[in-house]
Amino acid sequence: MGKKVTVSTLAKRCAAGEKLVMVTAYDAPGAAAAARAGIDFLLVGDSLAMTVLGYQNTLPATMDEMIHHCKAVRRGAPDAFIVFDMPFMSYQVSLEKAIENAGRAMKESGADAVKFEGGAEYAPLISRLVEAGIPVLPHIGLLPQRIQAVGGYKVTGRGDDAQRLLADAKAFEEAGAFGIVLECVSRDAAKMITDSIAIPTIGIGSGPECDGQVQVFHDIIGMFDGFTPKHSRRYAEAGKLITDALASYARDVREGTFPADENCF
Ligand code: KIV
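What counts, and where the lines are drawn
Residues numbered from 1 in each chain as written. Predicted model: local features only at pLDDT ≥ 70, side-chain atom pairs only at ≥ 80, totals over all residues. Heavy atoms only, no water. Near = heavy atom within 4 Å. Polar contact = N/O pair within 3.5 Å; in protein donor to acceptor, adjacent residues only side chain to side chain. Areas by Shrake-Rupley, 256 points an atom, 1.4 Å probe, with all protein chains shown as cover. 1 Å grid on protein atoms, 1.4 Å probe; cavity = no way out; pocket = protein on both sides within 12 Å on 5 of 7 lines; lining within 4 Å. Sits in = over half its atoms within 2 Å of the grid points. Nonpolar A, V, L, I, M, F, W, Y, C, P; charged D, E, K, R; others polar. Helix = DSSP H or I, 4+ residues; strand = E, 2+ residues; numbered from the N terminus. Buried < 20%, exposed > 50% of the residue type's maximum accessible area, 1.4 Å probe, protein only. Contact = heavy atoms within 4.5 Å. Phe/Tyr/Trp six-rings, centres within 6.5 Å; stacked < 30°, edge-to-face > 60°. Points joined across faces, edges and corners; volume = space filled by probe spheres on them.

> Quick question: what am I supposed to make of the site of the ligand here?
For the ligand, the full set of nearby residues is T24, L43, G45, D46, S47, D85, K115, H139, E183, I204 and V216. The contact in question runs from an oxygen atom of the ligand to an N or O atom on the side chain of S47, over 2.5 Å. Residue D85 places a side-chain N or O atom 3.1 Å away from an oxygen atom belonging to the ligand. Contact with the protein chains removes 95% of the 260 Å² of surface that the ligand exposes when unbound. When atoms are counted within 2 Å of each cavity's grid points, the one that captures over half of the ligand is the largest pocket. In terms of residue class, the shell around the ligand is built from three nonpolar, four polar and four charged.

> Explain the environment of G110 here, please?
Along the chain, the position of G110 falls in the loop between helix 5 (95–109) and strand 4 (113–117). Looking at G110, the relative accessible area reads 27%, which means it is partly exposed. Linking G110 and F81, residues 29 residues apart in sequence, is a C-alpha distance of 9.8 Å. Discounting residues that sit within four places of it in the chain, G110 has contacts with R74 and A105.

> How should the packing of aromatic side chains be read in this particular structure?
Two descriptors summarise a pair of aromatic rings, namely the distance from one centre to the other and the angle between the planes of the rings. All told, the structure shown has six aromatic pairs when counted by the stated rule. Measuring from centroid to centroid gives 5.7 Å for F81 and F178, while their planes differ by 80 degrees, and the two rings are edge-to-face. Highlighted residues: F81 in strand 3 (residues 81–85) and F178 in the loop between helix 8 (161–175) and strand 6 (180–183), separated in sequence by 97 residues. Each member of the pair, F81 as well as F178, is classed as buried. Through a chain of ring-to-ring contacts, three or more aromatic side chains come together here, namely F41, F81 and F178.

> For this particular structure, what's the right way to read the layout of surface pockets?
Considered as a void within the structure, the largest pocket measures approximately 680 Å³ in volume. In this structure, the largest pocket is lined by 29 residues; those nearest its centre are Y153, E183, V216, D219 and H231. Counting only elements with at least two residues in the lining of the largest pocket, the list comes to helix 3 (48–51), strand 4 and strand 6. The class makeup of the residues in the lining of the largest pocket is 15 nonpolar, seven polar and seven charged. As a volume, the second largest pocket reaches approximately 390 Å³. The wall of the second largest pocket is formed by 18 residues, among which G205, S206, Q215, K230 and H231 lie closest to the centre. Listed by contribution, the elements that provide at least two residues to the lining of the second largest pocket are strand 1 (20–24) and strand 8 (212–215). Class assignment for the residues of the lining of the second largest pocket results in 10 nonpolar, seven polar and one charged.

Structural data, given as structure tokens:
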């Protein structure tokens, strides 16, 4: 990751035709690894409720938990461009409360920008945050914070739905968002949106025509046993590696081969 990545660095890279690469990060070692790997920017996603806190969905994540993890990510990757994911009910209650919480995210967590889920109804919030100097990355398509209302994780942007998403994307661009996350938007709709707006689209499960991609850290490194979402690719078997290492340690202690002479003082 280059020093001092900013919103304008990302815009320039996108304008130069470079694909933008984003990954979620939840802790200092993970953020440091992403920085060493040359990832363009990091998302402290509310997916941390599932990946590191063990919940069934993202709804339980709180502002305090998100700030706690974002501070760790900042310590692990001091020069990274970090996006803070606004958790469920931190921005839905009122415009004032949303601005207050986004301000808290920026002041307390070391984040460079905020992200939240929703449609064109949030354009006024984006305008207010941008006026206040807070870069915003809205998230449309499949909205994990609404799974209880929608009834599950469903692909969006098919048929007439594509026009609804395009209207959201245009409203966000107009309001000053610096990019838009498209989650599980059909490939055709994602391409149409990407071609229709000037700000970068960052896809997850939305096809290769998006200007960039974001993936969940634990999906990429294989931390979840036996489950890889269709939109992801497992690049390692970290979960198995860790279990094997811990099993070897347990075996060595039980057999008396650890600690050995070289581990003693
Ligand atoms: O929380 C998260 O990880 C996200 C990504 C899926 C975009 O919002």
